[in-house]
Amino acid sequence: MATRKTISIRDDQEEWIQENHLSLSSFVQEKLDELIEERS
C-alpha cells in the first residue's frame with residue numbers, strides 16, 4: 001500500500017526534473033530506502 005504526500009519544489013528543480021524525465025516518486029522512495037538502511 002502507498003500513501004500520497006505533497007511536497008514543494010523550486011521552479012528550477014521542476015524544470016530539471018522535466019528535462020531529465022525523472023520520476024520524483026521513485027527518486028524519493030529510493031533515497032528514503034537508502035537512509036532507512038544506513039540507520040538500521
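What you see as residue numbers is a count from 1 along each chain, following the sequence as written. Selection of residues for local features in this predicted model requires a pLDDT of at least 70, selection of side-chain atom pairs for listing and counting requires 80 or more, and totals for whole chains, interfaces and linings are taken over all residues. Calculation of side-chain values draws on the structure's entire complement of heavy atoms; hydrogens and water are dropped beforehand.

Participant: How do you make sense of the environment of Leu35 when you look at a structure like this?
Facilitator: Only runs of H or I of at least four residues qualify as helices and only runs of E of at least two qualify as strands under DSSP, and these elements are numbered from the N terminus. Within the element layout of this structure, Leu35 appears in helix α2 (residues 24-39). Partly exposed residues are those whose accessible area sits between 20% and 50% of the maximum for their type, while under 20% is buried and over 50% is exposed, using a 1.4 Å probe and protein chains only. Exposure remark for Leu35: the relative accessible area of 38% places this residue in the partly exposed category. Here the alpha-carbon distance between Leu35 and Leu24, two residues eleven residues apart in the chain, equals 17 Å.

Participant: Is there a simple way to think about the layout of surface pockets in this case?
Facilitator: The rolling of a water-molecule-sized probe over the atoms marks out the regions of remaining empty space. Approximately 360 Å³ is the volume attributed to the largest pocket. Lining of the largest pocket is provided by Ala2, Thr3, Arg4, Lys5, Thr6, Ile7, Leu24, Ser25, Val28, Gln29 and Leu32. Just so you know the grouping, Ala, Val, Leu, Ile, Met, Phe, Trp, Tyr, Cys and Pro go in nonpolar, Asp, Glu, Lys and Arg go in charged, and all remaining residues, Gly too, go in polar. In the lining of the largest pocket, the residues fall into five nonpolar, four polar and two charged. A cavity, in this analysis, means grid points on a 1 Å lattice covering only the protein atoms where a 1.4 Å probe fits yet has no way out; a pocket is instead an open set bounded by protein on both sides within 12 Å along at least five of seven lines, and a residue lines either one if it has an atom within 4 Å of a point. Grid points are joined across faces, edges and corners, and a volume is the space filled by probe spheres set on the points.

Participant: Mind showing me how you'd approach unusual backbone geometry here?
Facilitator: A negative phi angle is the norm for most residues apart from glycine, just as the trans form is the norm for most peptide bonds. Phi at His21 is positive, roughly 50°, even though this residue is not glycine. As for its position among the elements, His21 is in the loop between α1 (11-19) and α2.

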